[in-house]
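Take a look at the letters that make up each chain.
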Amino acid sequence: MTAVDIATSTARRQSTAPAIGLIMGSMLSVQVGAAASTRLFDDIGPAGTAWLRGCWAALAFVLIARPSPRWLRAQSRHDLLGAVGLGVVSAAMSIAFFESIARIPLATAVALEFLGPLSLAVLRRTGRWGLLWPALALAGVLALTRPWRGDINLVGVALALVAAAGWAGYIILTQRVGDSFSGVKGLAIAMPVSAVAAATIGAPQALPHLTGEILVQGAWLALLLPVLPFALELLALRRLTVAAFGTLMCLEPAFALAVGATLLHQTPHPLQIAGIAFVVAAGIGTQRSSHR
């Protein structure tokens, strides 16, 4: 290996290491934000919590992007509809996920929700090995839910699967919005739409019980999820390939397991830990054999 090769390899490692830390920080922020959100469920309900968090997130992205009326009028109808669709899907995904973690453990809900992006990766697979991952993911889901015991909350599972479908749609629409708008301007449209859409279910739960303290809690929850994770992931993507980024994000269910056990005292069964490992492995496998 030449001196140039050694220098290039060293520079790449120095660039990649901080990026990995950013991704880890993002996943930790997402799961801590989800776990902390459960504290508001008794006060304003899961859907109300999702709506309040979405309102603060919308305000944050509008302040960051500052879209003007003139700029909005200059956008094509096709691009605006894509951003509106992203907002509606985001609202459905958030409400379904929060309603699910009100009924089933956080790690189980996240692993089930992760089936959405995993299914997309399977559909985009290249090579024969891609057929292995759905079977591994199914084994993981069975280990997580243990349907033979009959004590799993089926409504919670169904809501997590709705969130999974929402996450798949979110990925597709985010790519479309990302291709159509620069920076976070697309999110400055999508997030207010998401808040309005979530209000149909969340506002009736939350409005009668809103206090100054709850409003403040909603603000810092929005910072944990999605404002801070988005910023960290944006910085990480400048240093990592999309494939490496997607592979690292497959660790999300493992982070949910650790946060659920630490903050929510949700001690998993050993078989459920194995199920998380299967889902993570399936996610990594599909990411490595799929395309954009």
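It should be emphasised that the depicted structure is a prediction, and the values quoted were computed from it without experimental measurement. (Residues numbered from 1 in each chain as written. Predicted model: local features only at pLDDT ≥ 70, side-chain atom pairs only at ≥ 80, totals over all residues. Heavy atoms only, no water.)

**Q** Looking at this structure, how should I read the nonpolar core?
**A** The nonpolar side chains of a soluble globular protein tend to be buried, and buried together. Core analysis: the biggest nonpolar cluster contains 49 residues, and Phe97, Ile101, Leu106, Leu112 and Ile276 have the highest contact counts within it. Counting residues per element, this core draws most heavily on helix H5 (residues 77–101), at 7 residues. Among residues more than four places away in sequence, those in contact with Leu106 are Gln31, Ala34, Ala35, Phe97, Ile101, Ala256, Val259, Gly260, Leu264 and Gln266. Formed by 17 residues, the second largest nonpolar core is a distinct cluster that contains Phe61, Ala83, Leu187 and Ala190. (Core = buried A, V, L, I, M, F, W, Y, C linked by side-chain atoms within 4.5 Å. Buried < 20%, exposed > 50% of the residue type's maximum accessible area, 1.4 Å probe, protein only. Helix = DSSP H or I, 4+ residues; strand = E, 2+ residues; numbered from the N terminus. Contact = heavy atoms within 4.5 Å.)

**Q** Where do I start with the UniProt feature "domain: EamA" (unreviewed entry) in the protein in this structure?
**A** Taking the numbering used here, the UniProt-annotated feature "domain: EamA" (unreviewed entry) corresponds to residues 155–282. Counted over residues 155–282, helix gives 84% and strand 0%. Its end C-alpha atoms are 25 Å apart. (UniProt positions renumbered as here; feature names shortened; annotations may be inferred.)

**Q** Teacher, can you tell me more about the side chain of Thr145 here?
**A** Among the structural elements, Thr145 can be located in helix H8 (residues 132–145). Residue class for Thr145 comes out buried when judged on its relative accessible area of 9%. In this structure the side chain of Thr145 is engaged in a polar contact, spanning 2.9 Å, whose partner is the backbone oxygen of Val141. (Polar contact = N/O pair within 3.5 Å; in protein donor to acceptor, adjacent residues only side chain to side chain.)

**Q** How should the environment of Ala219 be read in this particular structure?
**A** Relative to the helices and strands, Ala219 resides in helix H11 (residues 212–237). Between the C-alpha atom of Ala219 and that of Ala36, which follows or precedes it by 183 residues, the distance is 12 Å.

**Q** Just checking my understanding: could you explain the packing of aromatic side chains for this structure?
**A** Aromatic ring pairs are defined here through the distance separating the ring centres and the angle between the ring planes. Taken as a whole, this structure holds 5 aromatic pairs when the rule is applied. Ring geometry for Phe41 and Phe98: centres 5.9 Å apart, planes at 50°, overall tilted. Of this pair, Phe41 sits in helix H2 (residues 41–44) while Phe98 is found in helix H5, placing the two residues 57 residues apart along the sequence. For Phe41, a relative accessible area of 12% translates into the label buried. When the ring of Phe61 is compared with that of Phe230, the centres are 5.6 Å apart and the planes differ by 90°; the resulting orientation is edge-to-face. Residue Phe61 is found in helix H3 (residues 46–65), and its partner Phe230 is found in helix H11; the two are separated by 169 residues along the sequence. Judged by relative accessible area, which is 3%, Phe61 ranks as buried. Cation over ring: Lys185 sits above Trp71, and NZ or CZ is 5.2 Å from the ring centre. (Phe/Tyr/Trp six-rings, centres within 6.5 Å; stacked < 30°, edge-to-face > 60°. Lys NZ or Arg CZ within 6 Å of the ring centre and 35° of its normal.)

**Q** What's the story with a nonpolar patch on the surface in this structure? I'm lost.
**A** On the surface, a nonpolar cluster with roughly 340 Å² of combined accessible area is contributed by Trp56, Leu59, Leu63 and Leu215. If you tally residues by element for the nonpolar patch, the top one is H3, at 3 residues. (Patch = residues over 30% accessible without salt bridge, like charges linked within 9 Å, V, L, I, M, F, W, Y side chains within 5 Å. Areas by Shrake-Rupley, 256 points an atom, 1.4 Å probe, with all protein chains shown as cover. Salt bridge = Lys/Arg side-chain N within 4 Å of Asp/Glu carboxyl O.)

**Q** I tried to follow helix H7 (residues 115–123) on my own but got confused; where do I start?
**A** Helical geometry note: an α-helix holds 3.6 residues per turn, so side chains three or four residues apart project in the same direction. Within H7, 7 of the 9 residues are buried, which leaves the element mostly enclosed by the surrounding structure. Within the sequence span of H7, burial applies to Leu115, Gly116, Pro117, Leu118, Leu120, Ala121 and Val122.

**Q** For this particular structure, what's the right way to read the environment of Ser76?
**A** Note that Ser76 resides in the loop between helix H4 (69–74) and H5. Under the relative-accessibility criterion, Ser76 is labelled partly exposed at 33%. Remark: the alpha-carbon pair of Ser76 and Ser180, spanning 104 residues in sequence, is separated by 9.4 Å. A polar contact of 3.1 Å, which involves the side chain of Ser76, links it to the backbone nitrogen of Asp79.

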